[in-house]
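Listed here are the chains, written in short residue letters.
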Amino acid sequence: MGMCIAVSIIQYFVIKISAPMFIQKYVAIFINLVSFFGFVALIFYPTNFNIHFIIFYIYGIGNLLDSGNILGALCIFIAALFFKRLGHLRKHRSLKTILLLIPPAAALFSQIYTQGAVHFLISIFHIVGLGIIIGVLYLFFYKQINSIQILRTSIEIPENECTDEELEWLSMLARGEKYISISKKFNISESKVKQRILELYKIIGVHDKMEFMTAYRSCQFTHKKD
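Residues numbered from 1 in each chain as written. Predicted model: local features only at pLDDT ≥ 70, side-chain atom pairs only at ≥ 80, totals over all residues. Heavy atoms only, no water.

Trainee: Where do I start with the overall build of the protein chain in this structure?
Mentor: Summing up its helical and strand segments, the protein chain has 12 helices and two strands in all. Counted from the first residue to the last, the protein chain has its helices and strands arranged as α-α-α-α-α-α-α-α-β-α-α-α-α-β. Taken across its 226 residues, the protein chain has 34% of its residues classed as buried. Sequence-distant contacts, at least 24 apart, represent 62% of the contacts inside the protein chain between residues at least 6 apart. Of the accessible surface of the protein chain, which amounts to about 14000 Å², a share of 69% is contributed by carbon and sulfur atoms. (Helix = DSSP H or I, 4+ residues; strand = E, 2+ residues; numbered from the N terminus. Buried < 20%, exposed > 50% of the residue type's maximum accessible area, 1.4 Å probe, protein only. Contact = heavy atoms within 4.5 Å. Areas by Shrake-Rupley, 256 points an atom, 1.4 Å probe, with all protein chains shown as cover.)

What follows is the structure in C-alpha cells.
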C-alpha cells in the first residue's frame, strides 16, 4: 500500500494533470491513504471485519475509477458480504444499499468521460458477466457452503477455561441477547458480566462484541470432550 500511495502521488503531479476528470488525482490519493491506514489497523485488529469492509469497498471504487472493472466489482461484492455479515443491513436495508452503491456507480460512470461510451458499455458487460459467474458458482457450491455453516454452529472450549454458566453466557450472546438479559437471568451485576465476557472473548480469539457476533453468530458453546 505504500507503493500504491507513491504511485498516486506521481499521478497527482504527472499523469492526472491532463486527465479529463482532474478530480481523479485527489480521489486516487484519498483511496490509497485510506487503504494504507486500513492495513495498518489490521495489524492490531486482524479480525475486525469493519476494517476489511472499508478496505475492500474503497479498493473496489479505486479500481472502477482506473477501469479495473472485474477486480473493482469483485471487491465491492466482497465488501457487501462483509457489510451484510456484520449485521448492518438489518435496518433501513434499501436506503443503506442505495447509499453504498452511489460511490462505485459514480466511479463506473466516470469512465464515460475518461474512456468513452463504448469503453463504459464494455465495462458494464464485464461486470454483468462477473455477476453471472458468481451466481453459477454459488448454485454449484451451495450444498458445500451450507454444510460448512452447519459445522460452525457448535464451538468447543476446554473445561478449565470457563464454567458451564459462562458457556451459556456466550451462547446467549451469540443468539443476540444483551448483557442485561444475562445479568438478570443469572442474578449477577451487568458490570461483572461484561468484565468476564471480555476475558472470554480473548479465550476464543476475538477483541470485542462486534467481532464475536461476526465470527460466532448463532453458535452454541460447549465444553471440549476428552
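Trainee: Explain the side chain of Ser-35 here, please?
Mentor: Its place among the elements puts Ser-35 in helix 2 (residues 24–44). The class for Ser-35 is buried, based on a relative accessible area of 1%. Polar side-chain contacts of Ser-35 include one of 3.0 Å to the backbone oxygen of Ile-31. (Polar contact = N/O pair within 3.5 Å; in protein donor to acceptor, adjacent residues only side chain to side chain.)

Trainee: It is not clear to me how the nonpolar core should be interpreted in this structure. Could you clarify?
Mentor: If you look at the biggest cluster of nonpolar residues, it comprises 22 residues, and the most contacted ones within it are Ile-197, Phe-212, Tyr-216 and Phe-221. When residues of this core are traced back to their parent elements, those giving at least two are strand 1 (154–157), helix 9 (164–174), helix 10 (179–185), helix 11 (190–204) and helix 12 (209–216). Sequence-distant contacts of Phe-212, that is, excluding residues within four places in its chain, are made with Leu-170, Leu-173, Ala-174, Tyr-201, Ile-204, Val-206, Arg-217 and Phe-221. In terms of nonpolar packing, the next biggest core, distinct from the first, is built from 15 residues, Leu-65, Phe-82, Phe-83 and Phe-120 among them. (Core = buried A, V, L, I, M, F, W, Y, C linked by side-chain atoms within 4.5 Å.)

Trainee: Just to check I follow, could you spell out the pattern of salt bridges for this structure?
Mentor: Oppositely charged side chains are able to pair whenever their charged atoms sit close together. One pass over the full model with this rule turns up five salt bridges. For Glu-168, the salt bridge is made with Arg-175, and the minimal N-O distance between the two is 3.5 Å. For Glu-168, a relative accessible area of 23% corresponds to the partly exposed category. (Salt bridge = Lys/Arg side-chain N within 4 Å of Asp/Glu carboxyl O.)

Trainee: Looking at this structure, how should I read the packing of aromatic side chains?
Mentor: Where two aromatic rings form a pair, the distance of their centres and the angle of their planes describe that pair. According to the stated counting rule, one finds 11 aromatic pairs in the structure shown. Between Phe-49 and Phe-82, the aromatic rings sit 5.5 Å apart at their centres with planes inclined by 20°, giving stacked as the arrangement. Of the two residues, Phe-49 is situated in helix 3 (residues 49–65) and Phe-82 in helix 4 (residues 69–85); the sequence distance between them amounts to 33 residues. On the accessibility criterion, Phe-49 (22% relative accessible area) is partly exposed. Arranged with centres 5.8 Å apart and planes meeting at 20°, the rings of Phe-212 and Phe-221 form a pair that is stacked. Taken individually, Phe-212 and Phe-221 each receive the classification buried, so the pair is uniform in this respect. Among the aromatic residues, those joined into a ring-pair cluster are Tyr-201, Phe-212, Tyr-216 and Phe-221. Looking at Lys-209, its charged tip hangs above the ring of Tyr-179, at a distance of 4.9 Å from the centre. (Phe/Tyr/Trp six-rings, centres within 6.5 Å; stacked < 30°, edge-to-face > 60°. Lys NZ or Arg CZ within 6 Å of the ring centre and 35° of its normal.)

Trainee: Looking at this structure, I do not really get the packing of helix 9 against helix 12. What am I missing?
Mentor: When two helices pack together, their arrangement is captured by the angle between the axes and the distance separating the axes. Two elements in contact, helix 9 and helix 12, have axes whose closest approach is 10 Å; the angle formed by their N-to-C orientations is 80°. Judged by the inter-axis angle, helix 9 sits roughly perpendicular to helix 12. Only Lys-209, Phe-212, Met-213 and Tyr-216 of helix 12 make contact with helix 9, whose side of the interface consists of Leu-170, Leu-173 and Ala-174. (Axes fitted to C-alpha atoms, helices over the stretch in contact; angles between N-to-C directions. Parallel < 35°, antiparallel > 145°, perpendicular 65-115°, else oblique.)

Trainee: Please explain the environment of Leu-167 as it appears in this structure.
Mentor: Structurally, the position occupied by Leu-167 is in helix 9. In this structure the C-alpha to C-alpha distance between Leu-167 and Thr-222, which are 55 residues apart in sequence, comes to 6.3 Å. In contact with Leu-167, not counting residues within four places along its chain, are Ile-157, Cys-162, Phe-221, Thr-222 and His-223.

Trainee: How should I be thinking about helix 12 in this particular structure?
Mentor: For the α-helix, the turn length of 3.6 residues means that residues three or four positions removed from each other point alike. Here helix 12 has its buried residues at Glu-211, Phe-212, Met-213, Thr-214 and Tyr-216. Lining the buried residues of helix 12 we find helix 3, helix 4, strand 1, helix 9, helix 11 and strand 2 (220–223).

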